[in-house]
Amino acid sequence: MPLVTNEIRSLKARLIGDPLPSEKLEGQLLPKHLALPIFASDPLSSVAYAPQELLMILLLGGMAFLTFAPWVAALVVLLLVVVVASYRQLIKAYPSGGGDYEVAHRNLGEKAGLIVASALLVDYVMTVAVSVASGVDNIISAVPELDPFRIEIAVAFVVLLAGVNLRGVRESSKAFAVPTYLFVGSVFVMVVVGLVRAATGDAPVAESAAYTVQNVEHTTQAAFVLLLLRAFASGCSALTGVEAIANGVQAFRRPKVRNAQMTLVFMGSIAIVLFVGLISLALIARVHYAEDACDLQGFTACASTPQRSLIAQIAAATFGGGSVLFFVVQATTAAVLLLAANTAFNGFPLLGSILARDSYAPKALSTRGDRLIYSNGVIVLALVAVALLVVYRANVTSLIQLYIIGVFVSFTLGQTGMVRHWLRQLRSDRSRLPGSGDEPLDRGQVWRSLTINAIGATFTSVVLVIVTVTKFTHGAWLVFVIMPVLFVLMLGVNRYYRDVSHEIEADVDTQFGATGDHAIVLVNKLQKPVLKAVDYAIAAKHAGLEAVHVAIDDAEARRLQEQWAEHGIEVPLTIVPSPYRDISMPLIRYIKAHRLEHGSEVVTVYTPVFVVGHWWETFLHNHRGRRIRKKLLLVHGVTVALVPWLLDSSELLYGRRSRPLPGQERRGEPVRPALRRSPQGVFHHEAQEDRLLRSAQRNSLQPRRASRPAGPAEGVDQTQCTGEMRVLVPAPPSGDGGRS
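From a predicted model like this one, the values you see are computed outputs, not experimental measurements. (Residues numbered from 1 in each chain as written. Predicted model: local features only at pLDDT ≥ 70, side-chain atom pairs only at ≥ 80, totals over all residues. Heavy atoms only, no water.)

### Some words on the nonpolar core
For clarity, the cut-off: What makes a nonpolar core is a set of buried Ala, Val, Leu, Ile, Met, Phe, Trp, Tyr and Cys residues whose side-chain atoms join them at distances within 4.5 Å. To sort residues, take the accessible area from a 1.4 Å probe on protein chains only and compare it with the maximum for the residue type: under 20% means buried, over 50% means exposed, and anything in between is partly exposed. To qualify as a helix, a DSSP run of H or I must reach at least 4 residues; to qualify as a strand, a run of E must reach at least 2; elements of each kind are numbered from the N terminus.
Ranked by size, the top nonpolar core spans 162 residues in total, and within it Val132, Phe275, Phe345 and Phe408 carry the most contacts. At 18 residues, the largest contribution of residues to this core is made by helix 6 (residues 110-142).

### What to know about the side chain of aspartate 137
Applied cut-off: Distance and chemistry together define a polar contact, namely a pair of N or O atoms within 3.5 Å, with one atom able to donate a hydrogen and the other to accept it when in protein, and with adjacent residues in sequence counting only for side-chain atoms on both sides. Contacts between residues were defined by any pair of non-hydrogen atoms, one from each residue, lying within 4.5 Å.
As for its placement among the helices and strands, aspartate 137 is situated in helix 6. Engagement of the side chain of aspartate 137 in a polar contact is seen with the side chain of arginine 150, the distance being 3.2 Å. Excluding anything up to four places from it in sequence, aspartate 137 contacts Arg150, Tyr289 and Val396.

### Re helix 9 (residues 221-235)
At 3.6 residues per turn, the α-helix brings residues three or four places apart onto the same side. Spelled out, the test is: Take the number of residues in a helix, subtract one, and multiply by 1.5 Å to get its expected span.
The terminal C-alpha atoms of helix 9, which comprises 15 residues, lie 21 Å apart, in line with the 21 Å expected from a rise of 1.5 Å per residue. By the burial criterion, the buried members of helix 9 are Leu227, Leu228, Arg230, Ala231, Phe232, Ala233, Ser234 and Gly235.

### What to know about the packing of aromatic side chains
Note the cut-off: Two rings from Phe, Tyr or Trp (for Trp, the six-membered ring) form a pair when their centres sit within 6.5 Å of each other. Planes less than 30 degrees apart are called stacked, planes more than 60 degrees apart edge-to-face, and all others tilted.
A full pass over the atoms with the stated rule returns 8 aromatic pairs. Aromatic pair phenylalanine 472 and phenylalanine 480: ring centres 5.9 Å apart, planes at 45 degrees, arrangement tilted. For phenylalanine 472, a relative accessible area of 37% translates into the label partly exposed. A residue is classified by how much of its surface remains accessible, and phenylalanine 480, at 33% relative accessible area, is partly exposed. An aromatic cluster is built from Phe65, Phe68 and Phe224, whose rings are joined through pairwise contacts.

### Observations concerning the side chain of aspartate 100
Basically, it comes down to this: His residues and chain termini do not enter the charge count, which takes Lys and Arg as positive and Asp and Glu as negative. Between Lys or Arg on one side and Asp or Glu on the other, a salt bridge is scored when a side-chain nitrogen of the former is within 4 Å of a carboxyl oxygen of the latter.
Looking at the element boundaries, aspartate 100 is found in helix 5 (residues 99-108). Buried and unpaired, aspartate 100 has no salt bridge, with arginine 106 as the nearest side chain of opposite charge at 13 Å. Not counting chain neighbours up to four residues away, the residues in contact with aspartate 100 comprise Tyr87, Leu90, Val116, Leu120, Glu243, Asn247, Ser410, Phe411 and Gly414.

### Considering the packing of helix 6 against helix 16 (residues 405-430)
Helix-helix packing is characterised by the crossing angle of the two axes and by the distance between the axes. For the record, the criterion: The axes used here are C-alpha line fits, helices contributing only the stretch in contact, and every angle between their N-to-C directions lies in the interval 0 to 180 degrees. For this classification, under 35 degrees means roughly parallel, over 145 means roughly antiparallel, 65 to 115 means roughly perpendicular, and everything else is oblique. Here a crossing is called left-handed whenever its near helix is offset anticlockwise from the far helix by less than a right angle, and right-handed whenever the offset is clockwise.
Their axes nearest at 8 Å, the elements helix 6 and helix 16 cross at an angle of 150 degrees. As judged from the angle between their axes, helix 6 and helix 16 are roughly antiparallel. Helix-helix and strand crossings are classified by hand; for helix 6 and helix 16 the assignment is left-handed. Contacts between helix 6 and helix 16 pair Ala112, Ile115, Val116, Ala119, Leu120 and Asp123 from the former with Gly406, Val407, Val409, Ser410 and Leu413 from the latter.

### A closer look at the environment of glutamate 556
Take glutamate 556: it is sitting in helix 20 (residues 554-566). A C-alpha to C-alpha distance of 8.5 Å links glutamate 556 and lysine 525, two positions 31 residues apart in sequence.

### So, unusual backbone geometry
Of note, serine 359 is a non-glycine position whose phi angle comes to about 65 degrees, a positive value. With respect to the secondary-structure elements, serine 359 resides in the loop between helix 13 (324-357) and helix 14 (375-391). Judged by relative accessible area, which is 18%, serine 359 ranks as buried. With a phi angle near 55 degrees, arginine 393 is a residue other than glycine that sits in the positive phi range. With respect to the helices and strands, the residue arginine 393 is situated in the loop between helix 14 and helix 15 (396-400).

### Quick word on the pattern of salt bridges
Counted by the stated rule, this structure contains 9 salt bridges. Among the salt bridges present, the one from glutamate 110 reaches arginine 495, with a minimum N-O distance of 3.1 Å. In this pair, glutamate 110 is assigned in helix 6 and arginine 495 in helix 18 (residues 477-504), connecting sequence segments 385 residues apart. For the salt bridge of glutamate 207 with arginine 308, the shortest nitrogen-to-oxygen distance reads 3.2 Å. Highlighted residues: glutamate 207 in the loop between helix 8 (169-199) and helix 9 and arginine 308 in the loop between helix 11 (256-284) and helix 12 (310-319), separated in sequence by 101 residues. Residue classification places arginine 308 among the partly exposed residues on the basis of a relative accessible area of 22%. One salt-bridge network, in which partners are shared between bridges, spans Glu110, Lys111 and Arg495.

### Points about the confidence of the model for the protein chain
The test is simple: The pLDDT value tells you how sure the predictor is about a given residue, anywhere from 0 up to 100.
Per-residue pLDDT for the protein chain has a mean of 78; in total, 80% of the residues score no lower than 70. A low-confidence stretch, residues 1-9 (pLDDT under 50), is modelled with 33 contacts involving residues beyond four sequence positions or located in other chains. Within the model, the stretch residues 703-740 combines pLDDT values under 50 with 87 contacts to residues more than four positions away or in other chains.

Given below as structure tokens:
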């Protein structure tokens, strides 16, 4: 099987940067001013679409329902305050970065922890999909001509975000800091200007203010309440991402807990100010945003022109539709919505690494890449998010129905777990023996934390029920299908790792012992890679050594025997017939027969493998060797050794020759060309000789004599097996340009 050299790796280094050593990990940790944009971009950006979704749902009941908007918004703000306060306690109690998953796993058991983990994984994927779709929506609000390319633009942004995150946490935070702070500043200025204008009698008027919707008559009491609850559930999307800081405490600089708590408070405060400001301005400017644009009476171009987003209408009403500040608000809003996905690109890999550490996810998710991030998690998240955007055509309204279910599942179980944690602390303190030396517990502080988390658990559980009831038939049912699937998969992975660990665990009963050591060099044709494999086998000083050719063509086998004798290779060659043209099974039967005759020998099979410089070369070489090796690995007592042969393309790719092989450096041997003797006394042409010389240097061919006999074989006198390999390469006939 040909191996590819690091052509791909060099391209990777150009895209994401040079690898960083492990000691640089502390330098990748975040100060507060960089942690805020990287972890809080999701909840900060959600204020761009949460007010829009809230008012859109209320408008389904008619214009009169908009009067309930301030009260619904007030409940959302209250919930946000409670959740922020609750997560401050969680960060203090569990600073390891496991967040809701660790809290639920430790306090409520394995099953609860996996429910939270599955909910968070779904939430992170939805964060990327919804944020990118909403960002693209705002771009199209400013440039409607891009509407036909909505899906392509969304996918391109996910790929871009994944690439930036693969460069490392610190670099991505620097790239995202400026747009996030510009968004906060521009929206804050817009809110202040709009409110000042309203206070001075020049209130901004939205372009949709003249549009109306038909009031719903005879609304039943149940439908009335359900609509308000649905509006509240949509407004709760402003809370998404709050848990990301608790999940990423380990990414903060020291003191980690204090910095994470302060960042959480800053994030909550900014989100509340922007959310309340946008709701207020939308009501003042009389923004009317409908789920179906054609429901707006007076919007005659609804079939061909997409309606502008709520924040775009407010910006146009406040600053003017063609003003510079309008485009600044739109650009920063689109940027921060796109970058809000970065919260998930940090939280998902961190959660994946914790799940892998606990053996609930593949171990590959716990491996840091070249840039000291969990790059496999970044790639998995990007692929799933792209699939969602394509399936749902990057439609915000459709995607948001799948949103926040997972958020409130994790909120509820996390806060419930914290309540149990504090109760356990109180019970433990009550049973503490006087004079035991343990530090006394601050029971007052514990009771305060318990109260906060109990309120948080109550609020979030109620909201979870509301969100589930109001969104289930609108697409949220899919979340309740995906979460159990993830739960079962994670539980299955854990049980598999547990069984494997038990199977391979060292014990006093299992013993290994071999009574011999035999080597087989697998030969197809007499070529330099085979000669190098013979050279390696001799250097390893096995007790026995032979070359084996599985004959699927009698004429080729006879020719190989003649070449073997012609080149004077003093390693016995065994021909194994294969009348059914299979190589693996005759070879395996031969090895088993040898072990049956000679006892529990360890048999090492040497096979050459090509190292190529271009990926496409892997399709042009015979893959039979790979299939043979896979079957040999299943044979008891057999070890497979790969002997690399670097083709010219690997040298041309780098413009330099390969380094000496590790074995040569260890033995202090210089890299030198193979000794070639021509029986006719004629040398190669100069160009061909130079090419062969470089190939010999690259693959380190040289004559070698074994320090002891190569080993016995049937029909061969052991005293004749000196282990010396003499390679004689006949030269081509002399001609013009030749030399003597």
